[in-house]
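Here is what each chain is made of, one letter per residue.
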Amino acid sequence: MKPRTKFLIGGVIILGAAAALMATSIRETGQYYLTPTELDAKVAADSTFRNAGVRIGARVVPGSIQRMPGGREYAFRVTDGSRTLPVVYHGIAPDTFTDSVDVVVEGRIGSDGTFRATTLLAKCASRYENAPENKYKQTPGYKAGSRKA
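Residues numbered from 1 in each chain as written. Predicted model: local features only at pLDDT ≥ 70, side-chain atom pairs only at ≥ 80, totals over all residues. Heavy atoms only, no water.

A. Molecular detail of the pattern of salt bridges. With the rule as written, the count across this model stands at four salt bridges. The partner of Arg116 in a salt bridge is Asp112, and the shortest N-O contact between them spans 3.0 Å. Arg116 sits in the partly exposed class, given a relative accessible area of 39%. Relative accessible area serves as the criterion here: at 52%, Asp112 is assigned to the exposed category. (Salt bridge = Lys/Arg side-chain N within 4 Å of Asp/Glu carboxyl O. Buried < 20%, exposed > 50% of the residue type's maximum accessible area, 1.4 Å probe, protein only.)

B. Representation of a nonpolar patch on the surface within the structure. Taken together, the side chains of Met1, Ile9 and Ile13 define a hydrophobic patch exposed on the protein surface, amounting to about 350 Å² of accessible area. Structurally, Ile13 can be placed in helix α1 (residues 3-29). (Patch = residues over 30% accessible without salt bridge, like charges linked within 9 Å, V, L, I, M, F, W, Y side chains within 5 Å. Areas by Shrake-Rupley, 256 points an atom, 1.4 Å probe, with all protein chains shown as cover. Helix = DSSP H or I, 4+ residues; strand = E, 2+ residues; numbered from the N terminus.)

C. Region of interest: the packing of aromatic side chains. Inspection of every chain in the model, using the stated rule, returns two aromatic pairs. A ring pair is formed by Tyr74 and Phe97, whose centres lie 5.9 Å apart and whose planes are at 80°; its orientation type is edge-to-face. Placement of the pair is Tyr74 in strand β3 (residues 73-79) and Phe97 in the loop between β4 (84-90) and β5 (102-109), with a sequence separation of 23 residues. Relative accessible area serves as the criterion here: at 10%, Tyr74 is assigned to the buried category. With 4.9 Å between their ring centres and 65° between their planes, Phe76 and Phe97 make a pair best called edge-to-face. (Phe/Tyr/Trp six-rings, centres within 6.5 Å; stacked < 30°, edge-to-face > 60°.)

Spelled out as structure tokens, the structure:
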């Protein structure tokens, strides 16, 4: 067998092994979340699914966020456009948690239909823009043209 043929066979074996390792690691570590509609369908099909920990990805319904006294408990609703689900979260919410933001919550669905979240992740803005030009001119400490190059 020629050295070039051995090199090609070895390369194919190494690339195949690398591809197999990548495929198995993605399958093992990939995180999937359900939408409220998918969660509703799973609970309707199997009532024991309420006891399973699950992640839900949805958008916060505008105007639904209620911060309880003490500041560490939140009640809000999420929707995927067709199904709305009430959520209760105990903990510190991220700074990006606002109305109409996409969130991923992890927890369990209660027997009353309320999702009890133990983890709350809010999507960051995908695009940042400058503040309107006149917005900060009246702010103490603002100095026009004080930037040094």
